[in-house]
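# Close look at the chain arrangement
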Amino acid sequence: MLELAYSPCPNDTFTFHAWTHGLVGGPEVSVTYADVDVTNHAAERGEFDVVKVSYAALPWLLDKYELLPCGGALGRGCGPLVLTAGRTDLAGAVIAVPGERTTAYLLFRLWLAGVEPGRIEVVPFHEIMPGVRDGRFDAGLVIHEARFTYHRYGLTSLADLGEWWEGETGTPIPLGAILARKGLDTAELTETIRASVRYAWAHPEASRDYVVEHAQEMADDVVAQHIGLYVNSFTEDLGDEGYAAVRTLLGRAAEAGLVPKVAL
């Protein structure tokens, strides 16, 4: 039995429902649900066979794992947001981020070049927006469904890092990757994950209860928006455009001295 790890977010539960529930065949798996900051570090320790991680973490993981061409999150109009309660200058600011090796934080560091924040704090994702609202942090870096909900906290978007990235490079944003431990049958895993994605699209109601169960009290409309934005053609197949986007991100980050150089 393979150890599989991904987040409880709707895009992941929607994508992997058919595989993990025996609807499309493939290897039998045991599932662990964890936020991406947890899986990034767990993968570095080699704890899972197949695992969802941040693309930004790949330089520390490709000695143990191979990147699969499907199942992840990469797209346009889906980038991280920098939120504040009205502040427009981040010099000296206390900034909450969801993880040091997340793609969101890597994009943030590339965007912030030349500005020195006061302090960076890694905190659980669900604490970021309330923390900014309540004055615990001067700014927060958020991902996923926060794109649709930050107004509820009275916050404003200082920057859309996806919009900035696409304007800078013309490429989509590589957010979450699916890795398989070296030595596994990657062809079989790729076929299984693609079959799971296609099943989810063909039978969207089949995964509904499973998605809602893990959606952390997310409203139905936010769940639907989340899936619609993050499960796209790149989830089925990275293709040349997807791989080019990953190489661009990691190449620019390496040139800036933010990550080790890596070949893909």
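This report concerns the structure included in the present document. All of these numbers come straight from a predicted model, not from anything done at the bench.

In terms of regular secondary structure, the protein is built from eleven helices and eleven strands. The C-alpha radius of gyration of the protein comes to 18 Å, within 12% of the 18 Å expected for a compact globule of 264 residues. In terms of principal-axis extent, the alpha carbons of the protein reach across some 50 × 40 × 30 Å. In the protein, which comprises 264 residues, the share counted as buried stands at 55%. Long-range pairs, those at least 24 residues apart, make up 78% of the contacts in the protein between residues at least 6 apart in sequence. Accessible area of the protein: about 11100 Å², with a carbon and sulfur share of 47%. If the 20 positive side-chain charges of the protein are averaged to one point and the 36 negative ones to another, these points end up 5 Å apart.

Of the volumes computed, that of the largest pocket is approximately 760 Å³. Around the largest pocket sit 40 residues that line it, and Cys9, Phe125, Ile143, His144 and Glu145 are the ones nearest its centre. Within the residue set of the lining of the largest pocket, elements represented by two or more residues are helix H2 (36–44), strand E3 (50–54), helix H3 (103–111), helix H4 (125–133), strand E11 (173–181) and helix H9 (220–230). If you tally residues by element for the lining of the largest pocket, the top one is H4, at five residues. Of the pockets and cavities examined, the second largest pocket occupies roughly 170 Å³. Around the second largest pocket, the lining residues are Phe14, Pro204, Glu205, Ser207, Arg208, Val211, Val212, Asp220, Val223, Ala224 and Ile227.

Attention now goes to the sheet that holds strand E7 (residues 94–97). The five strands are arranged E8-E7-E9-E6-E10 in an open sheet whose pairing can be described as mixed. Two strands lie at the open edges of the sheet, namely strand E8 (119–122) and strand E10 (156–160), each paired on one side alone. Direction aside, neighbouring strands of the sheet carry axes that sit 25° apart on average. Sheet topology note: the E7/E8 ladder contains four bridges and is parallel. By the bridge assignment, valine 97 is partnered in E8 with valine 122.

Across the five residues of E3, five count as buried, placing the element largely inside the fold. Both faces of E3 are covered, namely the face carrying Val50, Lys52 and Ser54 and the face carrying Val51 and Val53. Two strands pair when backbone bridges link them, and strand E1 (residues 2–6) and E3 are joined in this way by two bridges, in the parallel orientation. Within E3, the residue paired with alanine 5 across the bridge is valine 51. When E3 meets E11, the two strands line up antiparallel, connected through five bridges. Looking at the pairing, lysine 52 lines up with isoleucine 178 of E11.

What counts, and at which threshold
- Residues numbered from 1 in each chain as written.
- Predicted model: local features only at pLDDT ≥ 70, side-chain atom pairs only at ≥ 80, totals over all residues.
- Heavy atoms only, no water.
- Helix = DSSP H or I, 4+ residues; strand = E, 2+ residues; numbered from the N terminus.
- Rg over C-alpha atoms; globule rule 2.2 N^0.38 Å.
- Buried < 20%, exposed > 50% of the residue type's maximum accessible area, 1.4 Å probe, protein only.
- Contact = heavy atoms within 4.5 Å.
- Areas by Shrake-Rupley, 256 points an atom, 1.4 Å probe, with all protein chains shown as cover.
- Lys, Arg positive; Asp, Glu negative; His and termini not counted.
- Charge placed at Lys NZ, Arg CZ, Asp CG, Glu CD.
- 1 Å grid on protein atoms, 1.4 Å probe; cavity = no way out; pocket = protein on both sides within 12 Å on 5 of 7 lines; lining within 4 Å.
- Points joined across faces, edges and corners; volume = space filled by probe spheres on them.
- Pairing = 2+ DSSP bridges.
- Axes fitted to C-alpha atoms, helices over the stretch in contact; angles between N-to-C directions.

On their own, these measurements won't tell you what the molecule is for.
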